[in-house]
Amino acid sequence: MTLRTGHLGLNVTDLDRSLAFYRDVLGFTPLAEGKEDGRRYAFLGDGDSLVLTLWQQAGQAYDAGRAGLHHLAFEAGSAERVREYETALRAYGVDFAYDGVVAHGEGAASGGIFFHDPDGTRLEISAPTGAEDAPVPHASAPTCGFF
């Protein structure tokens, strides 16, 4: 297969609030923003590359019970970097699905943190190694599956 993820787009209820979260807490760089005629949006990147677009057009918060996006996962370079994000997110008052870093599954080296953005969209920041001794929330299902 030759397709790769290009960028991700999220509908948000309040662009200013979401932009502050993704920019100030998660560290994405604003690349462009539009505010004309009630059509508000922001493009965010990791420097020069577009990673995430925010569109202020949602009338209500994320609903995990509806078809569509399950969760959005970001990969950090190391377990230490995941813990740095955890500290920043806790200071911001973010709602976490689990307490601290958890493994992706029984015996997995990979793991991360699972939390919600200001609209309730389910997010994950993980690392490929470093979670060998972390707890596993659900022995019978992948950690990222039901939170």
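Right above here is the structure, for reference.
**A short note on the overall build of the protein chain**
Regarding its fold elements, the protein chain presents two helices and eight strands. Taken from the N to the C terminus, the helices and strands of the protein chain come in the order β-α-β-β-β-β-α-β-β-β. Taken against the 2.2 N^0.38 rule, which gives 15 Å for 147 residues, the C-alpha radius of gyration of the protein chain at 16 Å falls within 12% of a compact globule. The principal-axis extent of the C-alpha atoms belonging to the protein chain is close to 50 × 40 × 35 Å. By the burial criterion, 41% of the 147 residues in the protein chain qualify as buried. Of the contacts formed within the protein chain by residues at least 6 apart in sequence, a portion of 55% connects residues at least 24 apart. Accessible area of the protein chain: about 8300 Å², with a carbon and sulfur share of 48%. Distance between charge centroids for the protein chain: 6 Å, based on 11 positive and 21 negative side chains.

**Topic: the pattern of salt bridges**
The full count for this structure, using the stated rule, is seven salt bridges. Its salt-bridge partner being D119, residue R17 comes within 2.8 Å of it at the nearest N-O pair. Placement of the pair is R17 in helix 1 (residues 15-25) and D119 in the loop between strand 7 (111-116) and strand 8 (122-127), with a sequence separation of 102 residues. Here D24 and R23 are joined by a salt bridge, their closest N and O atoms 2.6 Å apart.

**A few points about the layout of surface pockets**
Here the largest pocket defines a volume of roughly 380 Å³. In the lining of the largest pocket, the residues fall into seven nonpolar, seven polar and three charged. Classifying every residue of the lining of the second largest pocket by side-chain character gives six nonpolar, three polar and two charged.

**Some points on the packing of aromatic side chains**
On inspection of all chains with the given rule, the structure shows ten aromatic pairs. For the pair Y98 and F114, a centre-to-centre distance of 5.6 Å together with 80° between the ring planes defines the contact as edge-to-face. Highlighted residues: Y98 in the loop between helix 2 (79-92) and strand 6 (102-103) and F114 in strand 7, separated in sequence by 16 residues. An aromatic cluster is present here, built from F21, Y22 and Y92 joined pairwise through their rings. Above the face of the F147 ring, R122 is positioned so that its terminal group lies 4.9 Å from the ring centre.

**With respect to the side chain of H71**
Within the secondary structure, H71 sits in the loop between strand 4 (50-56) and strand 5 (72-75). Polar contacts involving the side chain of H71 include one to the side chain of H70, which spans 2.8 Å. Side-chain polar atoms of H71 contact the side chain of E124, separated by 3.0 Å. Those residues in contact with H71 that lie beyond four places of it in its chain are R122, E124, C144 and F147.

What counts as what
Residues numbered from 1 in each chain as written. Predicted model: local features only at pLDDT ≥ 70, side-chain atom pairs only at ≥ 80, totals over all residues. Heavy atoms only, no water. Helix = DSSP H or I, 4+ residues; strand = E, 2+ residues; numbered from the N terminus. Rg over C-alpha atoms; globule rule 2.2 N^0.38 Å. Buried < 20%, exposed > 50% of the residue type's maximum accessible area, 1.4 Å probe, protein only. Contact = heavy atoms within 4.5 Å. Areas by Shrake-Rupley, 256 points an atom, 1.4 Å probe, with all protein chains shown as cover. Lys, Arg positive; Asp, Glu negative; His and termini not counted. Charge placed at Lys NZ, Arg CZ, Asp CG, Glu CD. Salt bridge = Lys/Arg side-chain N within 4 Å of Asp/Glu carboxyl O. 1 Å grid on protein atoms, 1.4 Å probe; cavity = no way out; pocket = protein on both sides within 12 Å on 5 of 7 lines; lining within 4 Å. Points joined across faces, edges and corners; volume = space filled by probe spheres on them. Nonpolar A, V, L, I, M, F, W, Y, C, P; charged D, E, K, R; others polar. Phe/Tyr/Trp six-rings, centres within 6.5 Å; stacked < 30°, edge-to-face > 60°. Lys NZ or Arg CZ within 6 Å of the ring centre and 35° of its normal. Polar contact = N/O pair within 3.5 Å; in protein donor to acceptor, adjacent residues only side chain to side chain.

Without other data, these values stay purely geometric and don't point to any function.
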